[in-house]
Amino acid sequence: MAKDKITVVITNRQKDVQIPTGLRMLVRRCCTATLKTENFEGPAEISVSFVNNAQIKELNAQYRNKDIETDVLSFGLCGEDGKYDIDPETGAQLLGDVVISMERAVEQANIYGHSLQREVGYLTCHSVLHLLGYDHEDNLERIRMREKEEHVMELLGLPASSSYIVDEE
């Protein structure tokens, strides 16, 4: 199993939301479960950063030319040849960076009526799928991605408590 070691480096870059006990372990479990579900082979490293709304808005503007807050950003390191960079010291494939707005995660957990843990787990899984090359630009891709996300959430004991459809009334 050592050859398939998954390293998740987590950094808290914000002070607006206290990180609950166990959340870092949950993020690691989400990354690992997503990679295993996708049959990812070999050692891997993922970086996860917790930021606030202002920080994620700045990153979204800088890297995506969208001057708005978002919940999560993914910065994949897969090259044009379909191969990831390798850390020469560990041999791990460097999958990329996940950036989660903790303020937005709290807001969305409240909107959807589930725990912060469930929301952060979902955002982590969603972002790791992006690092693996998934996208949701059309409806079929969006549905496939959502099915994969929900499968991982169920494996981790975090099933959906809502349909992600908010009543406008």
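Before reading further, recall that the structure is shown in the block above.
Residues numbered from 1 in each chain as written. Predicted model: local features only at pLDDT ≥ 70, side-chain atom pairs only at ≥ 80, totals over all residues. Heavy atoms only, no water.

Student: Please give an account of the pairing of strand S2 (residues 44–51) that cites residues and values.
Tutor: A large share of S2 lies buried, amounting to 7 of its 8 residues. Here 7 bridges tie strand S1 (residues 6–12) to S2, and the two strands are oriented parallel to one another. Note that in S2 the partner of Thr-11 across the bridge is Ser-49. As for the winding sense of the linkage, the β-α-β connection from S1 through helix H1 (residues 23–37) to S2 is left-handed. Sheet analysis places S2 next to strand S5 (residues 93–101), joined by 8 bridges and oriented parallel. What sits directly across from Ile-46, in S5, is Gly-96. (Buried < 20%, exposed > 50% of the residue type's maximum accessible area, 1.4 Å probe, protein only. Helix = DSSP H or I, 4+ residues; strand = E, 2+ residues; numbered from the N terminus. Pairing = 2+ DSSP bridges. Right-handed = clockwise from strand over helix to strand, strands pointing away.)

Student: Can you lay out the packing of helix H4 (residues 116–131) against helix H5 (residues 139–155) for me, pointing to particular residues and giving the numbers?
Tutor: When two helices pack together, their arrangement is given by the angle between the helix axes and the distance between those axes. Put simply, H4 and H5 touch, their axes get as near as 10 Å, and they point 130° apart. Here H4 is positioned oblique relative to H5, judged by the angle of their axes. The two elements H4 and H5 cross, and the hand of that crossing is right-handed. Every residue of H5 that contacts H4 at Arg-118, Gly-121, Tyr-122, Cys-125, His-126, Leu-129 and His-130 is listed here: Met-145, Arg-146, Lys-148, Glu-149, Glu-150, Val-152 and Met-153. For the contact of H4 with H5, the class distribution of residues is 6 nonpolar, 3 polar and 5 charged. (Axes fitted to C-alpha atoms, helices over the stretch in contact; angles between N-to-C directions. Parallel < 35°, antiparallel > 145°, perpendicular 65-115°, else oblique. Left-handed = near helix turned anticlockwise from the far one by under 90°. Contact = heavy atoms within 4.5 Å. Nonpolar A, V, L, I, M, F, W, Y, C, P; charged D, E, K, R; others polar.)

Student: Quick rundown of H4? Include the residues and the values.
Tutor: Its 16 residues place the ends of H4 22 Å apart at the C-alpha level, agreeing with the 22 Å of an ideal helix rising 1.5 Å per residue. Taken from the residues just after H4, Gly-133 is the one with a positive phi, measuring 105°. (Expected span 1.5 Å × (residues − 1).)

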